[in-house]
Amino acid sequence: MISNVQPHGTLQQVFLSLWNAIQEGESIVSCKICGETFKAPMMLQKCSHVFCSLCIRRWFDSNSICPECRIPSSAGELCKVRLVEDFVELWDTLSRKAQTVNDLVMSNPLRSDLYSNTYQPSEVVQSFYVNSSNSNTDEEGRDVPGKKSRDNKIDTPKRKQRKKKRNNVQEKDPSHKIAECPICGIHISIRLIQHHVDICLTKQSCSEENISDRVFFSGRLNGTSSNAHTEAPLESTFEKRPTTLWYKNLSDRKLKDILQYYGLSTRGDRNMLIRRHKEFVFRYNAELDSKFPRPVSSVIKDIEEWEKQQEWNSISEEALNPHLETTLSYNEEICHIAKSDFESLVQQAKKTMFKTNSNHRLSNLCLESINNEDILVFTQQEEGDN
Amino acid sequence: MSTPARRRLIRDFKKLQQDPPSGCSGAPCENDIMRWNAVILGPEDSIWEGGTFKLTFQFTEDYPNKPPTVKFISKMYHPNIYSDGSICLDILQNQWSPIYDISAILTSIQSLLCDPNPNSPANSEAARLYQENRREYDRRVQEVVEESWKG
């Protein structure tokens, strides 16, 4: 079969089409408000538009229309959509896997043989499996005891031989060493790990997502958590979802009592107290909307962190940027300071005027050039490898 | 430090670079992601053609739930642009939606140039000339287009 393969970057093309499809999928699984993949997706009943729970709850605090279609709507009309949540998970896994393949196969200079006429698809497909199954071998390629791999279960003599050969290659060439990404846990060539971590970092949300931290609220209420914030008085409150209040009618003292009741700090002026309460209501409800809600102590910690960030940012903003003035002299000043900035922006803008959609065209061409035969070869090879 | 507003702005920036709208560009200031500079080129085949107009964006931590403050710093002559450069545009005020990003804002402002709304004038003289004396209006626009080359 292999001898019949017409290479010319066949696998590259197949992968490119898959890659494009996955990338296009991102806009479907992303919230239009924050631009990130849905967290606790919620659907508006009237128009079926979906947003992250936290994003839409914040929006509804001062607005009562759907951000997308402007149909009158409110937080009371939100409902969970588990299907979307599951689909986001699926897409996440898919895109991470594709990213690994992309890093390992497409951009690895060591594998430049892919682009030559002599490559054999089997090698490429193998290399993906080798590297993804390598979590069970240590740096020198020995099997790590105590870990069972899927590989081991279906080891055939031929496969063992192949595996041995691969591990030998790794011993000789340090660039084949595999490292584990500290963020997503994917195993990846040590040469590419830095690049991969950069990508991963930009993908991960600001440490709001801590999976190990996630336990069901029921667990917390049953006393599995030892955190002080989760003590008795909260239980009764949490049977009912907290809502934002008519703050005008609340005295500072009452407001502080409420905050204390939820285990929140009572520091700061009235505006800060109101802001803190609102933020707690949004975040707590969003947490309840998610598949695996974290304990309330994590929500409180997040709010403390969020307040610190806000404070820090507002201080640095004031220092860097005394309030924007409207005078012409100020405008001139900006113009002067940012002259070089603006010059490059003008150049950029001019480029966009003449730019055709060359990128899109290129990928379409690649897609068109993939014929069924190529895909067949790819699938057959995959089956053969399994 | 990373907040929802800042994360969203980084995303906007990436999108703007990957898929810039025709005749627009923008980038955050070097040391402050909450402040952006942008450039809009006058649309082709219009009286604004040839103009390079500079703008600033000021975002708050409430973005994208609140719109940014957008101002022209190039001198403008337009029924919906105040003399200080502030823009009277519904999507930057009561018609704002958090799904708008910087590309969307730039595109809207660009189309506002050729399609002013004289019913909510920010520059009453420009609005009057636009309705009553188009030739004079065009001449005044031509002046700011030429002026935009200097600065």
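Residues numbered from 1 in each chain as written. Chains lettered and ligands numbered in written order. Predicted model: local features only at pLDDT ≥ 70, side-chain atom pairs only at ≥ 80, totals over all residues. Heavy atoms only, no water.

Enquirer: What is the right way to look at the overall build of chain B in this model?
Expert: Across its full length, chain B carries four helices and four strands. In sequence order, chain B lays out its α and β elements as α-β-β-β-β-α-α-α. Here chain B holds 151 residues, and 56% of them are scored as buried. Long-range contacts, defined as pairs at least 24 residues apart, comprise 55% of the intrachain contacts of chain B with a sequence gap of at least 6. Carbon together with sulfur atoms contributes 45% to the accessible area of chain B, which is approximately 6,500 Å² in total. (Helix = DSSP H or I, 4+ residues; strand = E, 2+ residues; numbered from the N terminus. Buried < 20%, exposed > 50% of the residue type's maximum accessible area, 1.4 Å probe, protein only. Contact = heavy atoms within 4.5 Å. Areas by Shrake-Rupley, 256 points an atom, 1.4 Å probe, with all protein chains shown as cover.)

Enquirer: How do you make sense of the UniProt feature "domain: SAP" (unreviewed entry) in chain A when you look at a structure like this?
Expert: In the numbering adopted here, UniProt assigns the feature "domain: SAP" (unreviewed entry) to residues 247-281 of chain A. Annotation note: span residues 247-281 of chain A, helix share 63%, strand share 0%, distance between end C-alpha atoms 13 Å. (UniProt positions renumbered as here; feature names shortened; annotations may be inferred.)

Enquirer: Sorry if this is basic, but what is going on with the UniProt feature "domain: RING-type" (unreviewed entry) in chain A here?
Expert: UniProt annotation of "domain: RING-type" (unreviewed entry) refers to residues 31-70 of chain A when read in the numbering used here. Taken as a whole, residues 31-70 of chain A contains 25% helix and 18% strand, while its terminal C-alpha atoms sit 16 Å from one another.

Enquirer: Mind showing me how you'd approach the environment of A:Asp92 here?
Expert: Position of A:Asp92 among the secondary structure elements: in helix H3 (residues 82-106). Between the alpha carbons of A:Asp92 and A:Thr37 there is a distance of 8.5 Å; along the sequence they are 55 residues apart.

Enquirer: Please explain unusual backbone geometry as it appears in this structure.
Expert: Backbone geometry follows two general trends: most residues other than glycine have a negative phi, and most peptide bonds adopt the trans configuration. With an omega of 5 degrees, the peptide bond between B:Tyr63 and B:Pro64 qualifies as cis. In this fold, B:Pro64 is placed in the loop between strand S3 (52-58) and strand S4 (69-72). Positioned with a positive phi, A:Ala40 is a non-glycine residue whose angle comes to about 50 degrees. By the element assignment, A:Ala40 lies in the loop between helix H1 (10-28) and strand S1 (41-44). A relative accessible area of 8% places A:Ala40 in the buried class. One non-glycine residue, B:Asp45, lies in positive phi territory at about 55 degrees.

Enquirer: Looking at this structure, how should I read helix H4 (residues 134-150) of chain B?
Expert: Since there are 3.6 residues in each turn of an α-helix, residues three or four apart along the chain are aligned in direction. All names here are of chain B. Here H4 spans 25 Å end to end across 17 residues, near enough to the 24 Å set by a 1.5 Å rise per residue. Turning to H4, its buried residues number three or more, namely Tyr-137, Val-141, Val-144, Val-145 and Ser-148. Projected onto a plane normal to the axis of H4, the buried residues spread over an arc of 105 degrees and lie on a single side. The exposed residues of H4 that point more than 90 degrees off its buried face are Arg-135, Trp-149 and Lys-150. At its buried positions, H4 is contacted by S3 and helix H3 (124-132). (Expected span 1.5 Å × (residues − 1). Arc of directions from axis to C-beta.)

Enquirer: Please explain the sheet that holds strand S2 (residues 32-41) of chain B as it appears in this structure.
Expert: By way of backbone hydrogen bonds, the strands of a sheet pair with one another, either parallel or antiparallel. Residues and elements named next belong to chain B. One open sheet accounts for four strands, arranged S1-S2-S3-S4; its pairing is antiparallel. Of all the strands in the sheet, just strand S1 (24-29) and S4 have a single pairing partner and so form its edges. On average, adjacent strands in this sheet sit at an angle of 25 degrees to one another, irrespective of strand direction. Where S3 lies against S4, four bridges are found, and the strand directions are antiparallel. Note that in S4 the partner of Gln-58 across the bridge is Thr-69. Sitting on the sheet, helix H1 (residues 4-18) touches S1 and S2, and the angle it makes with S2 is about 30 degrees. Of the strands in this sheet, S1, S2, S3 and S4 are in contact with helix H2 (residues 102-114), which crosses S2 at around 35 degrees. (Pairing = 2+ DSSP bridges. Axes fitted to C-alpha atoms, helices over the stretch in contact; angles between N-to-C directions.)

Enquirer: Looking at this structure, I do not really get the pairing of S3(B). What am I missing?
Expert: The two faces of a sheet get side chains in turn, since along a regular strand they alternate between them. Residue and element names in this part refer to chain B. Most of S3 is tucked away: seven of the seven residues are buried. Taking every second residue as pointing to the same face, both faces of S3 are buried, with Thr-52, Lys-54, Thr-56 and Gln-58 on one and Phe-53, Leu-55 and Phe-57 on the other. Bridge count between S2 and S3: seven bridges; the pairing is antiparallel. Across the sheet, Leu-41 pairs through a bridge with Thr-52, a residue of S3.

Enquirer: Please explain the UniProt feature "active site" (unreviewed entry) in chain B as it appears in this structure.
Expert: Residue and element names in this part refer to chain B. Per the UniProt record, the feature "active site" (unreviewed entry) sits at Cys-88. With respect to the element layout, Cys-88 can be found in the loop between S4 and H2. Here Cys-88 is in contact with Asn-80, Tyr-82, Gln-93, Leu-112, Ser-120 and Ala-122, once residues within four sequence places are set aside.

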